[in-house]
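Here is how the chains run, residue by residue.
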There are 6 protein chains.
Amino acid sequence: MGRSAAAAKSKAAAKATKVVPPAADDQPVIALDLASPAQLSPAMQAYFQKCQDKLGFVPNVLAAYAFDSAKLEAFVAMYNDLMLGPSGLSKLEREMIAVAVSSQNRCYYCLTAHGAAVRQYSGQPILGEQMVMNYRAARLDKRQRAMLDFAVKLTAEPWAIEEADRNALRSAGFSDRDIWDIAAVVGFFNMSNRVASATDMRPNQVYHGMAR
Amino acid sequence: MGRSAAAAKSKAAAKATKVVPPAADDQPVIALDLASPAQLSPAMQAYFQKCQDKLGFVPNVLAAYAFDSAKLEAFVAMYNDLMLGPSGLSKLEREMIAVAVSSQNRCYYCLTAHGAAVRQYSGQPILGEQMVMNYRAARLDKRQRAMLDFAVKLTAEPWAIEEADRNALRSAGFSDRDIWDIAAVVGFFNMSNRVASATDMRPNQVYHGMAR
Amino acid sequence: MGRSAAAAKSKAAAKATKVVPPAADDQPVIALDLASPAQLSPAMQAYFQKCQDKLGFVPNVLAAYAFDSAKLEAFVAMYNDLMLGPSGLSKLEREMIAVAVSSQNRCYYCLTAHGAAVRQYSGQPILGEQMVMNYRAARLDKRQRAMLDFAVKLTAEPWAIEEADRNALRSAGFSDRDIWDIAAVVGFFNMSNRVASATDMRPNQVYHGMAR
Amino acid sequence: MGRSAAAAKSKAAAKATKVVPPAADDQPVIALDLASPAQLSPAMQAYFQKCQDKLGFVPNVLAAYAFDSAKLEAFVAMYNDLMLGPSGLSKLEREMIAVAVSSQNRCYYCLTAHGAAVRQYSGQPILGEQMVMNYRAARLDKRQRAMLDFAVKLTAEPWAIEEADRNALRSAGFSDRDIWDIAAVVGFFNMSNRVASATDMRPNQVYHGMAR
Amino acid sequence: MGRSAAAAKSKAAAKATKVVPPAADDQPVIALDLASPAQLSPAMQAYFQKCQDKLGFVPNVLAAYAFDSAKLEAFVAMYNDLMLGPSGLSKLEREMIAVAVSSQNRCYYCLTAHGAAVRQYSGQPILGEQMVMNYRAARLDKRQRAMLDFAVKLTAEPWAIEEADRNALRSAGFSDRDIWDIAAVVGFFNMSNRVASATDMRPNQVYHGMAR
Amino acid sequence: MGRSAAAAKSKAAAKATKVVPPAADDQPVIALDLASPAQLSPAMQAYFQKCQDKLGFVPNVLAAYAFDSAKLEAFVAMYNDLMLGPSGLSKLEREMIAVAVSSQNRCYYCLTAHGAAVRQYSGQPILGEQMVMNYRAARLDKRQRAMLDFAVKLTAEPWAIEEADRNALRSAGFSDRDIWDIAAVVGFFNMSNRVASATDMRPNQVYHGMAR
């Protein structure tokens, strides 16, 4: 094939390819063909309804887990305790950890859903973007910077965490109980990131536009 | 300091240092000073008793979580569903995943506790060692090798898992439901490894000698 | 300090810390104290005016380079040729490369500015997010997927690119001239990412809200 | 294939697969088909006999090298000088280095054989396990911790070792002669790990149960 | 095939293979089949003539870019400003950065061409070799060591550069304007390394013997 | 300090710093203060003399080991067997492995000394440079490329070598005995690289100019 023919072909290809509008970017929710959703227990029915009422939709991660009641309930119990229960960390701080961890693991589902949460809780859309892109670019105070440094190191090199790392958190004002909570949130998203990546879990499209 | 003096000093140091017997290698259970254990709920009391009866001891991870009932119960519910509930994966296979993941993350607690479980379930002490050291050294059939390749890739590079990786599991005989279970166990130990590493969680010493 | 005092202190800290609203997230534009902007040449004056007219603002990268006319003009000449000049790659494709490369390098400036460009050129806000978060999550055709696989490998492991990698692009329909253009855009953003990261270059805040 | 059929097939597969008992985990000794063992020289005959008398078996690494007398003798000479000759490092310390290096390189042969040696020399089975799993989990004094930090850095990033690293050893009480010995042992196991991994060298099964 | 036959075959193969003399190591200049060189503009004709007069040859990177006048001119403008224009960095220092960056990226073209430049500018052939092999092996003063540490970190982990890194340069005596120049040279070679690696660009053979 | 003062200071610094001529780049031979060279045994005296006669100098690695006769003799015996003894690999091929491994480990000593050996054995100075810079840039036949791919993978990820890697060597014409030799040379230089890096071992300056 001569050069000009190749060039012509290449140009045609460029025109012909347009990214197909992802009208259904979040369908199917996961790339696994699992059983139909189990009949939700009354507690889970109520929880899904609450999501619908508060958020206007049921997060896809719940839809994904709904194929099995025991798994759904265990996931919801742990999530709600960690992210919404009593803690020395604010809810925003827990969401900041969620996004910084998910950025290290490049998890599309969690970056989308929890990036929206950071935008919402903080009222600062840019903060959400910074957590997604590179938490080091955010202008954080010493406390939150230490928290995220620990979170990302624990994600990337868990084997290298030692007393000096815990002491850095203590110096930044965290109690030992707070350190547990940081570790637990980091751990939880290292789990969720992997379940989402393993199954190609798709975030509800609505997240992308929230709290911009 | 002259050379011979330095040499003498060095030799003396070598003699003087002996590793202090880790009589208390598993004390304290974690390096955080948390609240005293909460009063266990009846369900958790029964569960701890069951551990005592079956294993002869309560795993330290449970002792660590016991400072807060909600956290303990959520952890136990998820653990028991994943590792002991119905699945297309045998219990041994789930433990093999646990150890291969923990080896990638070099988690002392989980390698010790779940390495013992592999030895016990399989009746093959060497298999447990191989999961700890390098799962590629074990002579596995195609199914279990594919399972562990997926588990370790999902641990090390979760962002790179794609349909081809899921298809490799399907070719090795796994159903989509099995793939969920593999992902969930991998996720769970990526969580536990990080909670354990963040807190310097110490495995009960008794594990080391079990099922040798 | 007793436990309850520590807890109280920790809670107070959580309340006290609120992320300061980044009213001036893009000020100063870079973290270096350089000379005042040089007098812009007529060509550059016209170019800045054109930016103002078309975008409504002058991108901060231009403001950053404006301290030295020769550097500004060289940067603009190369940028405009690569991103806007004739090519077998569409402008959207060149921006997709820009963002996928910048995601590998976690560059806050480029992810923000070029993420907005992908949203705008494609009319698909989600595509922009996927390029930022993990290009593998986007549902791309074979051509664009091959293009981004090459771009990210060339970014992460330039020493490992060989004829097989070029052939993968040829199989996906790219001409040799297209391969040059892909390489040149990848190279350009590997440069820009580093200038931006080295200087803490801040993207104009307005980018964050564009084309959502 | 319908879901229930797939589930049934998957369950059957789980039952059918049992890990084949590795009755012969250490046969063949390596995955290369080399010449029959050369006739051992009198010196090597005596050495093998000494192994048999002292350990009860000939380590497989010696069996592997025995195909060529010159290679066997060079290996034995270097090994014995390094690991058993005069040094400011105790024999236990040299074995600790061997295992920490082999853990970094995930070498099945060396972790097994030298893990047993650490258990034996120290009289502390747990110390051997910690060297295998993550040396940072062991409660070491400053001297041994500095020694292993140097060993693992020299293994993972040899290009980054500089005067500051040597000074850290000097501060921990090591003489320059000791530093040579640490470097030499680290180097030796970086060699042995690679010969073992390249050939799938199998440790004598008896090691696994020693000194538990 | 018996062992001796295999050995014989292997020996024959060893004899038969001799590396073919790379009489044409720099032909073709790149592995892409691009259009014939465009007619050079008068400015570029003069520039190529100047190279011929001063160096005795036209660097292959220019021959590679010559297929397109706009690309060639933009490249030359940026290169000349950065590497030859006014700066607080000496020309040798800029070349040292070029080589240290290219070593991190293992770029055959740039290591060859700019390694020669370091040998020539410094009059110290060994310094050129050290920049190619491992800049940490060179005995540099504090200023140049800080400069190269920054350059290599910015190349390997651009996302991790922060104010502390800039301050390390300031402490070593660099002005903010110098920091821009360091960043710009690092950026430029991260671009050039990737264009060269993507196209298998071959350095003029004559470089290898220059200034030895 | 005003901008022009800073600029002036910076320019002065640039002029003031000139790299001190490394008249003594190879002195001292290592950065450890060891005992004076032991009295060489007659065999080693003869060997040093032979080096002097053949090469015109004694390689610094031998001078470094000479502080202890047992270590020197063990090193020499292993080196001579591996690099000069009978093998299906040519001496040039063994030197190519030495340099490719040392490039992966960025070892100044070994790259210098064995890079010279590749230049000398091959009569192709460029081949030596390519082994130092990036072996993938050399135009090798299938046999030598497979050999170096194995060598570099075994160096970088020894834990991942498996039967498929050995089979790639067999397909490229290597016997099992050859595979042992490749592994042994790779292992040896992974050892030597680390001893050299740990001690800042300096290559004899004369190597740099040999066989150019």
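Model, not experiment: these values are computed from the prediction.

Caption draft 1: Main features of the state of the cysteines. Taken as a whole and judged by the stated rule, the model has zero disulfides over all chains. Cysteine C:Cys107 is unpaired, with the sulfur of C:Cys110 as its nearest cysteine sulfur at 3.6 Å.

Caption draft 2: Representation of the side chain of D:Ser87 within the structure. Residues and elements named next belong to chain D. Looking at where Ser-87 falls in the secondary structure, it is placed in the loop between helix H4 (69-84) and helix H5 (91-104). Under the relative-accessibility criterion, Ser-87 is labelled buried at 18%. Side-chain polar atoms of Ser-87 contact the backbone nitrogen of Leu-89, separated by 2.9 Å.

Caption draft 3: Layout of unusual backbone geometry. A cis amide bond, omega -10 degrees, links D:Gln27 with the succeeding residue D:Pro28. The topology assignment puts D:Pro28 in the loop between helix H1 (3-16) and helix H2 (42-55). Backbone geometry at B:Asp200 places phi at a positive 55 degrees, although glycine is not the residue there. In this structure, B:Asp200 sits in the loop between helix H10 (176-199) and helix H11 (206-209). Non-glycine residue E:Arg106 carries a positive phi angle of around 50 degrees. Along the chain, E:Arg106 turns up in the loop between helix H5 (91-104) and helix H6 (108-122). The buried category is assigned to E:Arg106, whose relative accessible area is 9%.

Caption draft 4: Region of the structure containing the interface of chain B and chain A. Counting residues at the interface gives 46 residues for chain B and 46 residues for chain A. Interface of chain B and chain A: buried area, both sides summed, is about 3900 Å²; carbon and sulfur atoms make up 68% of it. A per-residue breakdown of the area chain B buries against chain A is headed by B:Lys71, B:Trp180 and B:Arg194, which together make up 21% of the total. Taken together, the links from chain B to chain A amount to four salt bridges. With its nearest N and O atoms 2.9 Å apart, the salt bridge here joins A:Lys71 to B:Asp81. One can count twelve residue pairs in polar contact (both at pLDDT 80 or more) joining chain B with chain A. Of all the elements in the fold, those that place two or more residues in the side of chain B that touches chain A are helix H3 (60-65), helix H4 (69-84), helix H8 (142-156), helix H9 (163-171) and H10 of chain B. Broken down by element, the residue count for the side of chain B that touches chain A peaks at 17 residues, all from H10(B). Considered class by class, the residues forming the side of chain B that touches chain A number 26 nonpolar, seven polar and 13 charged.

Caption draft 5: The relation of the copies chain B and chain A, seen in detail. Superposition record for chain B on chain A: RMSD 0.0 Å, screw rotation 180 degrees, translation along axis 0.0 Å. Expressed as an axis order, the relation between the two copies is that of a two-fold axis. Among all C-alpha atoms of chain B, that of B:Met191 lies closest to the rotation axis, at 2.6 Å. Residue by residue, 100% of the interface of chain B is reproduced at the interface of chain A, so both copies engage with the same surface.

Caption draft 6: Looking closely at the interface of chain A and chain D. At the interface, seven residues of chain A touch four residues of chain D. With both sides pooled, the region where chain A packs onto chain D buries about 440 Å², and carbon together with sulfur makes up 31% of that total. The largest share of the area that chain A buries against chain D comes from A:Asp33, A:Trp159 and A:Glu162, three residues that together contribute 76% of it. Inspection of the chain A/chain D interface yields one salt bridge. A salt bridge links A:Glu162 to D:Arg145, with the nearest nitrogen and oxygen atoms 2.4 Å apart. For the pair chain A and chain D, the interface holds two residue pairs in polar contact (both at pLDDT 80 or more).

Caption draft 7: Summary view of helix H6 (residues 108-122) of chain B. Residues and elements named next belong to chain B. A rise of 1.5 Å per residue sets the reference length of H6, with its 15 residues, at 21 Å; its end C-alpha atoms lie 21 Å apart and thus fit the reference within 8%. Along H6, 13 of the 15 residues are buried, which leaves the element largely enclosed by surrounding structure. At the exit of H6 stands Gly-123, carrying a positive phi of roughly 70 degrees.

Caption draft 8: Seen up close, the relation of the copies chain A and chain D. Once chain A has been moved 0.0 Å along the axis and rotated by 120 degrees, it coincides with chain D to within an RMSD of 0.0 Å. On the angle and the small slide along the axis, the relation comes out as a three-fold axis. Taking C-alpha positions as reference, the residue of chain A nearest the rotation axis is A:Glu157, located at 9.0 Å.

Caption draft 9: Fine view of the environment of B:Asp149. All names here are of chain B. Summarising the element assignment, Asp-149 is placed in helix H8. Note on Asp-149: relative accessible area 31%, which makes it partly exposed. Put simply, Asp-149 and Arg-119 are 30 residues apart on the chain and 20 Å apart in space, counted from C-alpha to C-alpha.

Calculation criteria
Numbers given to residues run from 1 along each chain, matching the order in which its sequence is written. The order in which chains are written sets their letters, starting at A; the order in which ligands are written sets their numbers, starting at 1. The model is predicted, so local features are restricted to residues of pLDDT at least 70 and side-chain atom pairs to those at 80 or more, both for listing and for counting; the totals for chains, interfaces and linings are taken over all residues. No hydrogens and no water enter the side-chain calculation; it runs on all heavy atoms of the structure. By definition, disulfides here are pairs of cysteine sulfur atoms that lie within 2.5 Å. Under the scheme used here, helices are H or I runs from DSSP no shorter than 4 residues and strands are E runs no shorter than 2 residues, and both carry numbers assigned from the N terminus. Each residue's exposure class comes from its accessible area (1.4 Å probe, protein chains only) as a fraction of the maximum for that residue type: buried when under 20%, exposed when over 50%, partly exposed otherwise. The definition of a polar contact used here is a pair of N or O atoms within 3.5 Å, where within protein one atom must be able to donate a hydrogen and the other to accept one, and adjacent residues in sequence count solely through side-chain atom pairs. Residue contacts are defined here by distance: any two heavy atoms, one from each residue, within 4.5 Å place the two residues in contact. Accessible area that two parts lose when put together, evaluated with a 1.4 Å probe and summed over both, is termed the buried area. Counted as salt bridges are all cases of a side-chain nitrogen of Lys or Arg within 4 Å of a carboxyl oxygen of Asp or Glu. For this scheme, ten residues count as nonpolar: Ala, Val, Leu, Ile, Met, Phe, Trp, Tyr, Cys and Pro. Four count as charged, namely Asp, Glu, Lys and Arg, and the remainder, Gly too, count as polar. To superpose the copies, least squares is applied to the C-alpha atoms of every residue with a pLDDT of at least 70 in both. Multiplying one less than the number of residues by 1.5 Å gives the expected span of a helix.

Bear in mind that shape data such as this cannot, by itself, settle questions of function.
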